[in-house]
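Structural overview for review
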Amino acid sequence: MYEVRVEADFVAAHFLTDYHGKCERLHGHNYRVLAHAQGTELDEGGMLFDFGILKKALREVCAQLDHRNLNDFSFFNGNPSAERIAEFIFTEIKKLSPDCPLVAVDVYETPTSRARFYQENRLVLKS
């Protein structure tokens, strides 16, 4: 099994409408995003998937979110949690690069708090 991973970041604000605590107030994060691709086969050049293509797709999606209020996106249904942000990024990368063997997207709100969205039947990640 082979895996490649790229990362990007963005800065955005949000609040959670169905949460009671400090996160129900408007606040922001410096998000760090990791996109993981996996597979068992390499191409003729010895690569699973081109880093450049995956990185470009990830950066394009993160640019859509950068310096925005994430509550303005209908996808999040008023609650742009890290989990929903990871799902959004995963979905958008697959639209931009459907041939990518993408298996997971990690979204870090802080260096110690991460949410992951993945396709259950494809994931073999350890960390």
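Counting of residues starts from 1 at the beginning of each chain's written sequence and follows it residue by residue. Only residues with pLDDT of 70 or above have their local features reported here, since the model is predicted, and side-chain atom pairs are shown and tallied only from 80 upward, although totals for entire chains, interfaces and linings are computed over all residues. Water and hydrogen atoms play no part in the side-chain values, which are based on all heavy atoms of the structure.

1. A short note on helix H1 (residues 51-65)
Runs of H or I in DSSP of at least four residues are treated as helices and runs of E of at least two as strands, each being numbered from the N terminus. A helix is expected to reach a length of 1.5 Å times the quantity of its residues less one. For H1, which comprises 15 residues, the first-to-last C-alpha distance of 21 Å matches the rise-based estimate of 21 Å (1.5 Å per residue) to within 8%. Buried residues of H1: Leu54, Ala57, Leu58, Val61, Cys62 and Leu65, and no others. The buried residues of H1 occupy an angular sector of 130° when the element is viewed end-on, so they sit on one face. Across from the buried face of H1, at angles greater than 90 degrees, the exposed residues are Lys56, Arg59 and Ala63. Contacts were defined at the residue level, with two residues in contact if any of their heavy atoms lie within 4.5 Å. In this structure, the buried residues of H1 make contact with strand S1 (2-14), strand S2 (27-39), strand S3 (68-69), helix H2 (82-96) and strand S4 (102-110). Any pair of N or O atoms that falls within 3.5 Å is considered a polar contact. Within protein, one atom must be able to donate a hydrogen and the other to accept it, and sequence-neighbouring residues count only if both atoms are side-chain atoms. Looking at where H1 begins, the residue whose side-chain oxygen comes 2.7 Å from the main-chain nitrogen of Gly52 is Asp50. For every residue, the accessible area (1.4 Å probe, protein chains only) is compared with the maximum for its type, and the residue is labelled buried under 20%, exposed over 50%, or partly exposed between those bounds. Note that the arc is computed from the directions linking the helix axis to the C-beta atoms.

2. Describing the UniProt feature "binding site: Zn(2+)" (unreviewed entry) in the protein chain
UniProt positions are given in the numbering used here, feature names are shortened, and annotations may be inferred rather than shown by experiment. Here the UniProt-annotated "binding site: Zn(2+)" (unreviewed entry) positions come out as His14, His27 and His29. Taken along the chain, the residues just named run across 16 residues; in space they keep tight, none of their C-alpha pairs more than 8.4 Å apart. Structurally, His14 is set in strand S1. Exposure remark for His14: the relative accessible area of 1% places this residue in the buried category. Once residues lying within four places of it in the same chain are set aside, the contact partners of His14 are Arg25, Leu26, His27, His29, Tyr31, Asn69, Leu70, Asn71, Pro80 and Glu109.

3. Focus: the pattern of salt bridges
Criterion for a salt bridge: a side-chain nitrogen of Lys or Arg within 4 Å of a carboxyl oxygen of Asp or Glu. Tallied over the entire structure, the rule returns six salt bridges. Lys95 is the salt-bridge partner of Glu92, the closest N and O atoms lying 3.0 Å from each other. Pair noted here: Glu92 and Lys95 are both in helix H2, with a separation of three residues, about one helical turn. Looking at Glu92, the relative accessible area reads 15%, which means it is buried. Between Asp106 and Arg116 there is a salt bridge, and its shortest N-O distance comes to 2.5 Å.

4. With respect to the sheet that holds strand S5 (residues 113-118)
Judged by pairing direction, the sheet is mixed, and its five strands sit side by side in the order S3-S1-S2-S4-S5 without closing on themselves. In this open sheet, the two edge strands, each paired with only one partner strand, are S3 and S5. Each pair of strands is called paired provided DSSP finds at least two bridges between the two strands. Looking at chain direction, S2 and S4 are connected through six bridges and run antiparallel. Bridging from a neighbouring strand, Leu34 pairs with Asp106 of S4. Lines fitted to C-alpha atoms define the axes here, with helix axes fitted over just the stretch in contact, and angles between the N-to-C directions of these axes take values from 0 to 180 degrees. Strands in contact with H1 are S1, S2, S3 and S4; relative to S1, the strand with the most contacts, it is inclined by about 15°. Packing against the sheet, H2 makes contact with S1, S2, S4 and S5, and its axis sits at approximately 140° to S4.

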